[in-house]
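One-letter residues, chain by chain:
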Amino acid sequence: MATTERHPNRYPKHEGDKGQVFGGECNRTRCTEHGATWFNNGTRGYECEQHARGANAMPMGGVAPCVEVDHQLTLEEMEVMAADVRKAMRV
């Protein structure tokens, strides 16, 4: 996987590309699954389907934090998505 620009607010701040590459390794610390295509708006990282669905089962303020995406998001796209989630939580 190619190195990509890391989101400055990602959590946790793993070494390397873990959780920062579409289709790469899941952002969850103990997960080694690849093929992460779900973006977690809370952690600003990509997750595998199992962990994304688990996070969505316990929504933040009634809003599911993970969204399945079809490409490597730009930092701008990540921020727009996160802002939409924050806005939905206030409603």
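Everything below is about the structure shown above.
This write-up is about the structure you can find in this document. Owing to the predicted nature of the structure, the values given are computational and were not obtained by experimental measurement.

In total, this model carries five salt bridges according to the counting rule given. Where Asp 17 meets Arg 6, a salt bridge forms, and the shortest distance between an N and an O atom there is 3.1 Å. Here Asp 17 is found in the segment before strand S1 (38–40), whereas its partner Arg 6 is found in the segment before S1, with eleven residues between them in sequence. Across the pair Arg 28 and Glu 47 runs a salt bridge, and its minimum N-O distance is 3.2 Å. Taken together, the residues span a long stretch of sequence, with Arg 28 in the segment before S1 and Glu 47 in strand S2 (residues 45–47) at a distance of 19 residues.

Tracing the sequence through the fold places Cys 66 in strand S3 (residues 66–68). You can call Cys 66 buried: its relative accessible area is 5%. Along the sequence, Cys 66 and Thr 32 sit 34 residues apart, while their C-alpha atoms lie 18 Å from each other.

Further remarks concern the nonpolar core. Counting seven residues, the largest nonpolar core is built from Ala 36, Phe 39, Tyr 46, Val 69, Leu 73, Met 78 and Met 81. With near-sequence residues (within four places) excluded, Leu 73 lies in contact with Phe 39, Tyr 46, Met 78 and Met 81.

When the terminal C-alpha atoms of helix H2 (residues 75–90) are compared, their 23 Å separation across 16 residues agrees well with the 22 Å that a helix rising 1.5 Å per residue should span. Residues of H2 that are buried include every one of Met 78, Met 81, Ala 82 and Val 85, and no others. For H2, the arc enclosing every buried residue in end-on projection is 95°, short of the 170-degree limit, so these residues lie on one face. Seen from the buried face of H2, the exposed residues on the opposite side, beyond 90 degrees, are Glu 76, Lys 87 and Arg 90. Those residues of H2 that are buried lie in contact with S1, S2 and S3.

Cut-offs used in this document
- Residues numbered from 1 in each chain as written.
- Predicted model: local features only at pLDDT ≥ 70, side-chain atom pairs only at ≥ 80, totals over all residues.
- Heavy atoms only, no water.
- Salt bridge = Lys/Arg side-chain N within 4 Å of Asp/Glu carboxyl O.
- Helix = DSSP H or I, 4+ residues; strand = E, 2+ residues; numbered from the N terminus.
- Buried < 20%, exposed > 50% of the residue type's maximum accessible area, 1.4 Å probe, protein only.
- Core = buried A, V, L, I, M, F, W, Y, C linked by side-chain atoms within 4.5 Å.
- Contact = heavy atoms within 4.5 Å.
- Expected span 1.5 Å × (residues − 1).
- Arc of directions from axis to C-beta.

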